[in-house]
Amino acid sequence: MTDKIILPEHVGIIMDGNGRWAKKRGLPRNSGHKKGAEVFENVSRYCRDIGIKYLTVYAFSTENWKRPKDEVEGIMNLMRGYLKNMANAKNEHIAVRFIGDRTPFDKDLLELMEEAENADVGEITTTVQIALNYGGRDEIVHSVREIAKKIASGEISPEDIDEETIAGNLYSKVPECDLIIRPSGEERLSNFLLWESAYSEFVFMDVLWPDFTKADFDFALEEYSKRNRRFGGV
Ligand code: FPP
């Protein structure tokens, strides 16, 4: 990395290209997800090592249920494996949080998710948010529902609602996203962090997620450092 790096506080990653990576090798799609999950773990540790405070990864969207059953089960089982390992995460300094609608998940997975969120990881350097059954529009709907409940109970009135109220009731509880990285050559947001990406910088890369390395992450940080963020000012 060059010495002129400006570290973003919050990085979002759309972990795309697992299927194509597997296909290129004549392997089942789930082996792409398996390699993708390993890369995710390496990138989380790298974020911790260089001091990125928040990392949000898109692991499973509200639309991904349309995939074949064995692929959906494969991704959920990778999640189970990762979360079981989290039991040994003491002193990793990486806190795990989930964003998304949890209602459809099996009880055992929900328990693992909660255990991971409550795990003692030592002093927190990096908070990793895993977007699971997540959609940016669904997240805004969720926020609106939470606010409606508060209005119905008399806790707040409609005039009290401002941008902070909406932001404060999203699934995500961390500052909005500074940098969004999408590997695999696709150049769209795909319903990821809609509210939180209002002022994000975007770095699209040709590498497939299972091939993504620390050097690729450094490249995205260098790109980010070159951008001049004005937030609508001059
Ligand atoms: C998109 O690539 C990727 C997904 C829908 C799943 C991502 C899941 C993981 C990396 C594993 C998650 C596990 C943990 C522990 C975080 P794609 O399958 O759409 O790729 P393609 O566009 O090449 O087909």
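Novice: Break down the overall build of the protein chain for me, with residues and values.
Specialist: Counting secondary structure elements, the protein chain contains 7 helices and 6 strands. Put simply, the protein chain runs from its N terminus to its C terminus through helices and strands in the order β-α-α-β-α-β-α-β-α-α-β-β-α. Its C-alpha atoms give the protein chain a radius of gyration of 18 Å, within 12% of the compact-globule value 17 Å for 234 residues. Viewed in the frame of its principal axes, the protein chain has a C-alpha envelope of about 55 × 50 × 35 Å. Sorting the 234 residues of the protein chain into buried and exposed places 47% on the buried side. Looking at the protein chain alone, contacts between residues at least 24 apart form 76% of all its contacts between residues at least 6 apart. Element-wise, carbon and sulfur atoms account for 50% of the exposed surface of the protein chain, whose accessible area totals about 12,200 Å². Charged side chains in the protein chain number 32 positive and 41 negative. The centres of these two groups are separated by 5 Å.

Novice: Before we move on, could you go through the site of the ligand and cite the residues and values that matter?
Specialist: Near the ligand lie 17 residues; those nearest to it are Gly 19, Arg 20, Arg 29, His 33 and Arg 67. Asn 18 has a polar backbone atom sitting 3.2 Å from an oxygen atom of the ligand. Within the contact set of the ligand, an oxygen atom lies 2.7 Å away from a backbone nitrogen or oxygen of Arg 20. Burial of the ligand by the protein amounts to 91% of the accessible area it has alone, namely 620 Å². Of the pockets mapped on this structure, the ligand occupies the largest pocket. Among the elements of the structure, helix H1 (18-24), helix H2 (29-50) and helix H3 (69-85) are those that each provide at least two residues to the shell around the ligand. Take the shell around the ligand: its biggest share by element is 5 residues, from H2. In terms of residue class, the shell around the ligand is built from 7 nonpolar, 6 polar and 4 charged.

Novice: Help me get a handle on the pattern of salt bridges, residues and values and all.
Specialist: Inspection of every chain in the model, using the stated rule, returns 22 salt bridges. The salt bridge partner of Asp 211 is Arg 25, with a shortest N-O separation of 3.9 Å. Here the residue Asp 211 occupies a position in the loop between strand S6 (201-204) and helix H7 (214-226), and Arg 25 occupies one in the loop between H1 and H2, the gap between them amounting to 186 residues. On the accessibility criterion, Asp 211 (31% relative accessible area) is partly exposed. For Arg 25, a relative accessible area of 39% corresponds to the partly exposed category.

Novice: Requested: an account of the pairing of strand S5 (residues 179-182), with residues and values cited.
Specialist: With burial as the criterion, each face of S5 is covered, one bearing Leu 179 and Ile 181 and the other bearing Ile 180 and Arg 182. By the bridge criterion, 3 bridges tie strand S1 (residues 10-14) to S5 in an arrangement that is parallel. Within the sheet, the bridge partner assigned to Gly 12 lies in S5 and is Ile 180. Taken together, the 4 bridges between S5 and S6 define a ladder with parallel strand orientation. Its bridge partner lying in S6, Leu 179 is registered against Glu 201.

Criteria and thresholds
- Residues numbered from 1 in each chain as written.
- Predicted model: local features only at pLDDT ≥ 70, side-chain atom pairs only at ≥ 80, totals over all residues.
- Heavy atoms only, no water.
- Helix = DSSP H or I, 4+ residues; strand = E, 2+ residues; numbered from the N terminus.
- Rg over C-alpha atoms; globule rule 2.2 N^0.38 Å.
- Buried < 20%, exposed > 50% of the residue type's maximum accessible area, 1.4 Å probe, protein only.
- Contact = heavy atoms within 4.5 Å.
- Areas by Shrake-Rupley, 256 points an atom, 1.4 Å probe, with all protein chains shown as cover.
- Lys, Arg positive; Asp, Glu negative; His and termini not counted.
- Charge placed at Lys NZ, Arg CZ, Asp CG, Glu CD.
- Near = heavy atom within 4 Å.
- Polar contact = N/O pair within 3.5 Å; in protein donor to acceptor, adjacent residues only side chain to side chain.
- 1 Å grid on protein atoms, 1.4 Å probe; cavity = no way out; pocket = protein on both sides within 12 Å on 5 of 7 lines; lining within 4 Å.
- Sits in = over half its atoms within 2 Å of the grid points.
- Nonpolar A, V, L, I, M, F, W, Y, C, P; charged D, E, K, R; others polar.
- Salt bridge = Lys/Arg side-chain N within 4 Å of Asp/Glu carboxyl O.
- Pairing = 2+ DSSP bridges.

Shape is all these values report; function is a separate question.
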